[in-house]
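# Observations on chain architecture
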Amino acid sequence: MMRATALNTGETDFPAILRKNLEILQVNLGYVCNLSCTHCHVNAGPKRTEVMTLETIREVLAFIDQAKIKTLDLTGGAPEMNPQFTYLVSRARAMGVKVIDRCNLVILEEPGYEQMTAFLAGHEVEIIASLPCYLEDNVDKQRGKGTFQSSLAALQRLNALGYGQPGSDLQLNLVFNPQGVSLPPEQSSLEKAYKDYLLSHYGIVFNRLFALANLPIQRFAKYLINKNLFDEYMQLLKTNHHAENLEQVMCRNTLSVDWQGYVYDCDFNQMLALPLGALSESKAHISGLNFSILNGQPITVRDHCFGCTAGQGSSCGGALQSL
Ligand code: SF4
Ligand code: SF4
C-alpha cells in the first residue's frame with residue numbers, strides 16, 4: 001500500500017537521474033498570492049507572509065551573473081506581489097537574461113497592479129499564465145469565483161500590448177492542469193481546442209499551451225488523501241511512466257530557489273524540503289553554492305517524480321513528448 005508520507009522518505013523505485021549543464025534558475029519569490037487554488041502545490045494564499053527579501057534577491061542576481069544563467073523563471077505565490085519584483089526583473093533583463101513570469105492573470109486586474117502589464121511588456125518578460133480550463137465553471141471551481149472573467153480581461157489587455165500576437169516577440173503561454181485523478185490530455189489537440197475557443201468567444205490569442213500533470217504533494221495530496229484517491233493516483237502515474245521522458249525532466253538543467261534563498265533540485269522537491277542531490281548538506285544556500293560542481297551530480301528523486309514522466313511527460317515548459 002502506498003502512503004503519502006513515502007514522498008518524504010528515500011523509498012522510491014523512480015530511476016536515478018543526473019544533472020546536466022545548469023541553464024535555468026527558478027526562483028520562488030514567496031507564498032503570498034491573491035488566490036487559493038485547489039490544485040496549488042505550494043499552499044499559497046492571501047494569508048501567507050513568506051516573501052523573498054531584497055538581500056536574498058541580490059544574492060540571486062549575483063549567482064545569475066557568476067553561473068551565466070540563461071533564464072530566470074519566477075514563481076510564487078503570485079511573483080508580482082513581491083515588493084522587489086520589478087527591481088529583480090529590471091536587473092536580470094539588463095544582464096541579458098530571459099525572464100519568465102508565472103502569472104495567475106487575476107493579479108493583473110487587482111488594485112495596485114494597474115501598471116504591471118505595461119512593465120512586463122516593456123521588459124519583454126515571457127508570461128506563462130495559468131488558465132486551467134477555457135470554460136468558466138471549471139476555472140471558478142478550481143481558482144475561485146470570478147477568476148475566469150478576470151483572467152479574460154487580463155488576457156485581452158496583454159493581447160492589446162502585443163502579447164501572443166503573430167509576429168510579436170512578446171510570448172504568452174497558457175497552462176492547463178487537469179482536475180481530479182487524471183493525466184493531462186494530449187497537449188497539441190488541447191492547445192488547438194483552447195485556441196479555437198478563446199479566439200471565437202473572446203478574441204483572445206496566445207502562443208502555446210502547456211498541459212501539466214498535478215504532482216501528488218501539498219494541497220493536491222491532501223485532496224487525494226481526503227477522497228481516498230491517493231493510491232489510485234500514484235498507481236496511474238507509475239503505470240504510465242515513460243522512461244524516454246527522463247532525459248528532459250526539468251531538474252536536469254534547472255535549479256530551484258526558495259523564498260529564503262535555499263536551493264533544491266526542483267520546485268516540487270522544494271515544497272517537500274528535499275535537499276539538493278548534489279550536496280551532502282541538508283540545506284544549501286544560493287549565496288554559498290559552487291555552481292561548477294553540479295553538472296553530472298545526482299538529483300534527489302521520490303515517488304512524486306512519476307508525475308513528471310507519466311504519459312506525455314510534464315515540466316515547467318509543458319509536455320515532454322507527443323503522444
Ligand atoms: S495562483 Fe498559483 S500560486 Fe496562487 S494559489 Fe493558485 S496555483 Fe497557487
Ligand atoms: S519532481 Fe522534480 S526531481 Fe522529480 S523528476 Fe520532476 S523535476 Fe525532477
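Residues numbered from 1 in each chain as written. Chains lettered and ligands numbered in written order. Predicted model: local features only at pLDDT ≥ 70, side-chain atom pairs only at ≥ 80, totals over all residues. Heavy atoms only, no water.

Every residue close to ligand 2 is listed here: Leu215, Met250, Cys251, Cys266, Phe268, Asn269, Ile299, Thr300, His304, Cys305 and Cys308. Taking a 2 Å distance to the grid points as the criterion, the majority of the atoms of ligand 2 fall inside the second largest cavity. Its residues assigned to classes, the shell around ligand 2 comprises 8 nonpolar, 3 polar and no charged. (Near = heavy atom within 4 Å. 1 Å grid on protein atoms, 1.4 Å probe; cavity = no way out; pocket = protein on both sides within 12 Å on 5 of 7 lines; lining within 4 Å. Sits in = over half its atoms within 2 Å of the grid points. Nonpolar A, V, L, I, M, F, W, Y, C, P; charged D, E, K, R; others polar.)

This paragraph deals with the pattern of salt bridges. This structure, assessed with the given rule, holds 12 salt bridges. The shortest N-O distance in the salt bridge between Arg102 and Asp73 comes to 2.8 Å. In this pair, Arg102 is assigned in strand β3 (residues 98–103) and Asp73 in strand β2 (residues 71–75), connecting sequence segments 29 residues apart. With respect to burial, Arg102 and Asp73 carry one shared label: buried. Note that Lys238 and Asp303 form a salt bridge whose closest N and O atoms lie 3.3 Å from each other. Here Asp303 lies in the loop between β9 (284–285) and α10 (306–309) and Lys238 lies in helix α8 (residues 230–239), a separation of 65 residues in the sequence. (Salt bridge = Lys/Arg side-chain N within 4 Å of Asp/Glu carboxyl O. Helix = DSSP H or I, 4+ residues; strand = E, 2+ residues; numbered from the N terminus. Buried < 20%, exposed > 50% of the residue type's maximum accessible area, 1.4 Å probe, protein only.)

Formed by 63 residues in total, the largest nonpolar core has its most connected members in Leu25, Leu72 and Tyr194. Broken down by element, the residue count for this core peaks at 6 residues, all from helix α1 (residues 54–67). With residues up to four places along the chain from it excluded, the contact list for Tyr194 reads Leu131, Pro132, Cys133, Tyr134, Leu174, Phe176, Phe206 and Leu209. (Core = buried A, V, L, I, M, F, W, Y, C linked by side-chain atoms within 4.5 Å. Contact = heavy atoms within 4.5 Å.)

Turning our attention to the sheet that holds strand β5 (residues 172–176). Across the sheet, which stays open at both edges, the 9 strands sit in the order β6-β5-β4-β3-β2-β1-β7-β8-β9 with mixed pairing between neighbours. Two strands in the sheet have a free side with no partner beyond their single neighbour: β6 (209–211) and β9. Together, β5 and β6 form the strand contacts of helix α6 (residues 187–202), whose direction differs from that of β6 by roughly 135 degrees. (Pairing = 2+ DSSP bridges. Axes fitted to C-alpha atoms, helices over the stretch in contact; angles between N-to-C directions.)

All right, on to the environment of Arg219 then. Within the fold, Arg219 resides in helix α7 (residues 218–226). Look at Arg219 and you get partly exposed, because its relative accessible area is 23%. When the C-alpha positions of Arg219 and Val42 are compared, they lie 7.5 Å apart, and in sequence the two are 177 residues distant. Leave out the neighbours within four places in its chain, and Arg219 touches Ser36, Cys37, Thr38, Cys40, Asn43 and Ala44.

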